[in-house]
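Structural overview for review
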Amino acid sequence: MKLLSICFFISSVLIALAISGCSDINSSTTSEISDGIKSVIPARAPFGAHIVIAGKGFKDVQQVLFNGTEARINAVSDSVILTQVPLNAASGPIEVITSGGTFTGPSFTVDSTDNLFLAIHAVRPTRVRVEDTVRISG
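What counts, and at which threshold
Residues numbered from 1 in each chain as written. Predicted model: local features only at pLDDT ≥ 70, side-chain atom pairs only at ≥ 80, totals over all residues. Heavy atoms only, no water. Helix = DSSP H or I, 4+ residues; strand = E, 2+ residues; numbered from the N terminus. Buried < 20%, exposed > 50% of the residue type's maximum accessible area, 1.4 Å probe, protein only. Contact = heavy atoms within 4.5 Å. Core = buried A, V, L, I, M, F, W, Y, C linked by side-chain atoms within 4.5 Å. Pairing = 2+ DSSP bridges. Axes fitted to C-alpha atoms, helices over the stretch in contact; angles between N-to-C directions. Polar contact = N/O pair within 3.5 Å; in protein donor to acceptor, adjacent residues only side chain to side chain. pLDDT = per-residue confidence, 0-100.

**Re the overall build of the protein**
In terms of regular secondary structure, the protein is built from one helix and 11 strands. The helix and strand sequence of the protein, counted from the amino end, reads α-β-β-β-β-β-β-β-β-β-β-β. For the protein, the proportion of its 138 residues judged to be buried stands at 34%. Long-range pairs, those at least 24 residues apart, make up 50% of the contacts in the protein with a sequence separation of at least 6.

**Brief notes about the nonpolar core**
Ile53, Val64, Phe66, Val85, Val96 and Phe108 are the most contacted members of the largest nonpolar core, which totals 20 residues. For this core, the secondary structure elements donating two or more residues are strand E1 (36–41), strand E2 (44–47), strand E3 (50–56), strand E4 (61–66), strand E8 (92–98) and strand E9 (101–115). Apart from residues no more than four positions distant in its own chain, Ile53 is found in contact with Ile37, Ser39, Val40, Phe58, Val64, Ser79, Val80, Ile81, Thr83, Ile94 and Val96.

**Quick notes on the sheet that holds strand E7 (residues 80–84)**
Read across the sheet, four strands follow the order E1-E3-E7-E6 without closing on themselves; strand pairing throughout is antiparallel. The open sheet has two free edges, formed respectively by E1 and strand E6 (73–76), since each of these has just one partner strand. Each adjacent strand pair in this sheet contributes to an overall mean axis angle of 20°, direction not counted. Here five bridges tie E3 to E7, and the two strands are oriented antiparallel to one another. Residue pairing across strands places His50 opposite Gln84, the latter belonging to E7.

**Section: the side chain of Gln84**
With respect to the element layout, Gln84 can be found in strand E7. Within the structure, Gln84 has its side chain in polar contact with the backbone oxygen of Gly48 (distance 3.0 Å). Among the polar contacts listed, one links the side chain of Gln84 to the side chain of Arg72, at a separation of 2.5 Å. Sequence-distant contacts of Gln84, defined by excluding residues within four places in its chain, comprise Gly48, Ala49, His50, Phe66, Ala71, Arg72 and Asn74.

**Observations regarding the pairing of E7**
The buried fraction of E7 is high, at five of five residues. Residue alternation in E7 divides its side chains into two sets, Val80, Leu82 and Gln84 and Ile81 and Thr83, and both sets are buried. Note that E6 and E7 share three bridges and pair antiparallel. The residue of E7 that forms the bridge with Val76 is Ile81.

**A word on the confidence of the model for the protein**
Close reading of the predicted structure is inappropriate where its pLDDT is low. Residue-level pLDDT values for the protein average 80, and 71% of them are 70 or greater. Predicted confidence for residues 22–31 stays below pLDDT 50, and this span has six contacts to residues more than four positions away or in other chains.

Structure, rendered in structure tokens:
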């Protein structure tokens, strides 16, 4: 499953880079393309999933928000942001906050039926000796 997730993530990055490098045939220059979010790949994913945000003007990214919940930023270029769906995020718009302003992108759907985060709720017993059995629940 982890290998499949990594392969999907790499494929998404390559697609996003290809999309962000494309321009309109009728454009006279690429400078006419405005800054902002152009696409989010995938548009639906569970908590912890890797997300590619493609667009322009991402040089000075300060935050990425999933419907108001801050996400970890893994990598940034002027045209691509690599991030992850944060725990407790809700479906809604994605925002990229830069030193020059805020870009609001398309609505993102958090698939709460699946979860890529692991959580440990309890470890019993709390004191053990060598070779004792420990139960971890989560």
